[in-house]
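Okay, here's what each chain looks like letter by letter:
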Amino acid sequence: MAAPFCFRFRVRYNECDAQQVVFNARYGDYVDIAMTEFMRALGRDYSQLLAAGLDNQVVKLTTEWQSPARFDDVLDVFVSLTHMGNTSFSLQADIRHADDGRAIAHSEAVYVMMTTEPFEKTPVPDDLRELLQVGAPGVVIDQSGRGLRAG
């Protein structure tokens, strides 16, 4: 069985706090970027949602930290569906150190599907529902810069 969708990136210096670890609020950014890339991997990027008169709104985001991440660490965020409702869905993000697999944090985001005009709850479209349920197993979006060489 293929691994779930993975977003890989490198921790930047400005994301760290005075204790020299990733500042806790940055994890919300990491999760949001990973979820955005997950949707893009499904073939349903944010601009396509908006063009269809839809939006997804985060109504709950929880994060549990297990160990620190530091400047220049390469992290993997594994994204998968945990719940599918009528007008909402939940995605989990397991953040791990790319080198040793150490658990860094676990987040869960609950989204509600909305129309853009008027701004109201609406059912998750059937095609998006199917895409979310299949996921993007084995897809890796790598923004870490590993393996890149200057020309």
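Residues numbered from 1 in each chain as written. Predicted model: local features only at pLDDT ≥ 70, side-chain atom pairs only at ≥ 80, totals over all residues. Heavy atoms only, no water.

1. Thoughts on the nonpolar core
Residues Phe38 and Leu132 are the most contacted members of the largest nonpolar core, which totals 34 residues. At seven residues, helix α1 (residues 26–41) tops the list of elements feeding residues into this core. (Core = buried A, V, L, I, M, F, W, Y, C linked by side-chain atoms within 4.5 Å. Buried < 20%, exposed > 50% of the residue type's maximum accessible area, 1.4 Å probe, protein only. Helix = DSSP H or I, 4+ residues; strand = E, 2+ residues; numbered from the N terminus.)

2. Quick look at the packing of aromatic side chains
Any aromatic ring pair is given by two values, namely how distant the centres are and how the planes are angled relative to each other. Under the criterion given, the structure shown has seven aromatic pairs. Between Phe5 and Phe38 the ring centres are 5.5 Å apart and the planes differ by 65 degrees, which places this aromatic pair in the edge-to-face class. Of this pair, Phe5 sits in strand β1 (residues 5–10) while Phe38 sits in helix α1; the two residues are 33 residues apart in sequence, bridging distant segments of the chain. Each member of the pair, Phe5 as well as Phe38, is classed as buried. When the centroid spacing of 5.7 Å and the interplanar angle of 85 degrees are considered together, the rings of Tyr13 and Phe71 count as edge-to-face. Placement of the pair is Tyr13 in the loop between β1 and α1 and Phe71 in the loop between β2 (54–65) and β3 (74–84), with a sequence separation of 58 residues. Classification of Tyr13 as exposed rests on a relative accessible area of 64%. Aromatic ring contacts, followed pair by pair, group Phe7, Phe9, Tyr27, Tyr30 and Trp65 into a single cluster. (Phe/Tyr/Trp six-rings, centres within 6.5 Å; stacked < 30°, edge-to-face > 60°.)

3. Quick notes on unusual backbone geometry
Of note, the amide linkage connecting Glu117 to Pro118 takes the cis form, showing an omega dihedral of -10 degrees. Tracing the backbone through its elements, the reader meets Pro118 in the loop between β5 (103–115) and α3 (126–134). In this structure, Gln20 is a non-glycine residue whose phi angle is positive, near 65 degrees. Tracing the backbone through its elements, the reader meets Gln20 in the loop between β1 and α1.

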